[in-house]
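As a plain string of letters, each chain reads:
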Amino acid sequence: MNHWLVTGAANGIGLAVATELLRSDPSRRVTLTGRCEESLVAAIAELQPAAKARATMAVVDLADADSCTSLASTLKQQTDQLSGVFNAAGFLHDERIGPEKRLEDISSESLCRNMAGNCLPLANLVQAVQTFLPRDRRAVLASLSARVGSISDNRLGGWYSYRMSKAAHNMLLKTLSIELARRYKHLVCVALHPGTVDTALSEPFQRSVPDGKLFTRAYSARALLNVIDSLQASDSGSFKAWDGTDIPW
Ligand SMILES: NC(=O)c1ccc[n+]([C@@H]2O[C@H](COP(=O)([O-])OP(=O)(O)OC[C@H]3O[C@@H](n4cnc5c(N)ncnc54)[C@H](OP(=O)(O)O)[C@@H]3O)[C@@H](O)[C@H]2O)c1
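Worth saying up front: this structure is predicted, and the values here are computed from it rather than measured.

(A) Spatial organisation of the nonpolar core. Grouped together as the largest cluster of nonpolar side chains are 33 residues, with contacts concentrated most on Val6, Val17, Val30, Leu32, Phe86, Leu192 and Ile228. With six residues, the top contributor of residues to this core is helix α1 (residues 12-24). In contact with valine 30, not counting residues within four places along its chain, are His3, Trp4, Val6, Ala18, Leu21, Leu22, Arg54, Ala55 and Thr56. Val60, Cys68, Ala128 and Phe132 belong to the second-largest nonpolar core, a separate cluster that totals 30 residues.

Written out as structure tokens, the structure is:
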């Protein structure tokens, strides 16, 4: 059994990770999940034929617990076990909310939206799919965080709600790694920073990125999967950058 589930897989880093998972191992199957059925169908249609045959999809809003319960039912029709779960769902801005520059910009709307977009999805996801994890062999639970969620690495300030929601995400991941290790002794739980990647999420902020520091989605996906490949259960509960270096919490 070699079946992965990737969230946020209709676009952005999630789609690149799903594509690379399918490309790099012809025995691997991947369930791509996203909120919009049309976008998932379009994403799968763009895959190479050999990859497409091993891709399935599930529509889920990870901020909605009922939707996550349906995810478990859909997944049950596709596989009994998951070798890996890669959570690429996240939020930074929309038409109403963007990162705060100063204290006065924080609102309950911006804070709640960031927590719902960056923290709640991981909790709902793991509640829904944890019974698919094997107890007798290595499996992976990877979730995209961001370096700006590091408290000790915070040198610039600003981006209050996003920083807080990623720090909360990291605490959730770390706490999960402790609880899940009691049942899934070979599980690797890891929070990952993908680098600054050319996606819709980073697009409004790309002008300040130094030359050569804006990664393609495919480059970041390959780097992140290399990091995952190098990890053992003894590394569970760590926070790693795309190049394998540890990020302080
Ligand atoms: N890009 C970067 O430079 C960068 C840097 C550091 C960290 N990250 C992190 O990497 C992750 C992926 O970001 P990205 O750059 O790939 O952004 P993106 O292209 O905007 O993708 C975000 C994905 O999350 C999905 N999503 C959001 N809320 C969801 C929900 N409630 N339920 C299900 N799916 C949901 C979106 O689905 P829809 O298509 O339905 O909206 C979308 O597929 C995020 O956690 C982000 O914070 C990115």
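(B) Spotlight on the pattern of salt bridges. Scanning the entire structure with this criterion turns up eight salt bridges. For the salt bridge of arginine 96 with glutamate 109, the shortest nitrogen-to-oxygen distance reads 2.7 Å. With arginine 96 in the loop between β4 (84-87) and α5 (108-118) and glutamate 109 in helix α5, this residue pair connects regions lying 13 residues apart in the sequence. For arginine 96, a relative accessible area of 61% translates into the label exposed.

(C) Quick peek at helix α7 (residues 160-183). Over its 24 residues, α7 runs 35 Å from end to end, which matches the ideal 34 Å to within 8%, given 1.5 Å per residue. Contacts from the buried residues of α7 go to α5, α6 (120-129), β5 (139-144), β6 (187-193) and β9 (238-241).

(D) Representation of α1. Compared with the 18 Å implied by 1.5 Å per residue over 13 residues, the 19 Å span of α1 between its first and last C-alpha is a close match. Among all positions in α1, only Gly12, Ile13, Gly14, Ala16, Val17, Ala18, Glu20, Leu21 and Leu22 are buried.

(E) Seen up close, the packing of aromatic side chains. Inspection of every chain in the model, using the stated rule, returns six aromatic pairs. Considering the side-chain rings of phenylalanine 215 and tryptophan 242, the 4.6 Å spacing of their centres and the 75° angle between planes classify their relative orientation as edge-to-face. Of this pair, phenylalanine 215 sits in strand β8 (residues 214-215) while tryptophan 242 sits in the segment after β9, placing them 27 residues apart in sequence. Residue phenylalanine 215 is classed as buried on the basis of its relative accessible area of 11%. Against the face of phenylalanine 91 rests arginine 113, its NZ or CZ located 3.9 Å from the ring centre.

(F) Representation of the sheet that holds strand β3 (residues 55-59) in the model. Strands sit in the order β3-β2-β1-β4-β5-β6-β9 across an open sheet of seven strands; the sheet is parallel. Of all the strands in the sheet, the pair left with one neighbour each is β3 and β9. The sheet shows a mean angle of 20° between the axes of neighbouring strands, direction not considered. Bridge count for β6 against β9 is four bridges, and the pairing is parallel. The residue of β9 that forms the bridge with histidine 193 is alanine 241. Contacts between α7 and the sheet are confined to β5, β6 and β9, with β6 contributing the most and set at about 170° to the helix.

(G) Examining the site of the ligand more closely. Around the ligand sit 25 residues in total, of which Asn11, Arg35, Tyr162, Val197 and Thr199 are the nearest. At 2.8 Å, a backbone N or O of leucine 62 approaches a nitrogen atom of the ligand. Tyrosine 162 places a side-chain nitrogen or oxygen 2.6 Å from an oxygen atom of the ligand. The set of elements that each furnish at least two residues to the shell around the ligand consists of α1, α7 and β7 (196-197). Within the shell around the ligand, the residues separate by chemical class into twelve nonpolar, ten polar and three charged.

(H) Representation of the side chain of asparagine 170 in the model. Summarising the element assignment, asparagine 170 is placed in helix α7. On the accessibility criterion, asparagine 170 (2% relative accessible area) is buried. For asparagine 170, the side chain forms a polar contact with the side chain of serine 145, separated by 2.8 Å. Leaving out residues up to four positions away in the same chain, asparagine 170 has contacts with Ser145, Gly149, Ala191, Phe239 and Trp249.

Calculation rules
- Residues numbered from 1 in each chain as written.
- Predicted model: local features only at pLDDT ≥ 70, side-chain atom pairs only at ≥ 80, totals over all residues.
- Heavy atoms only, no water.
- Core = buried A, V, L, I, M, F, W, Y, C linked by side-chain atoms within 4.5 Å.
- Buried < 20%, exposed > 50% of the residue type's maximum accessible area, 1.4 Å probe, protein only.
- Helix = DSSP H or I, 4+ residues; strand = E, 2+ residues; numbered from the N terminus.
- Contact = heavy atoms within 4.5 Å.
- Salt bridge = Lys/Arg side-chain N within 4 Å of Asp/Glu carboxyl O.
- Expected span 1.5 Å × (residues − 1).
- Phe/Tyr/Trp six-rings, centres within 6.5 Å; stacked < 30°, edge-to-face > 60°.
- Lys NZ or Arg CZ within 6 Å of the ring centre and 35° of its normal.
- Pairing = 2+ DSSP bridges.
- Axes fitted to C-alpha atoms, helices over the stretch in contact; angles between N-to-C directions.
- Near = heavy atom within 4 Å.
- Polar contact = N/O pair within 3.5 Å; in protein donor to acceptor, adjacent residues only side chain to side chain.
- Nonpolar A, V, L, I, M, F, W, Y, C, P; charged D, E, K, R; others polar.

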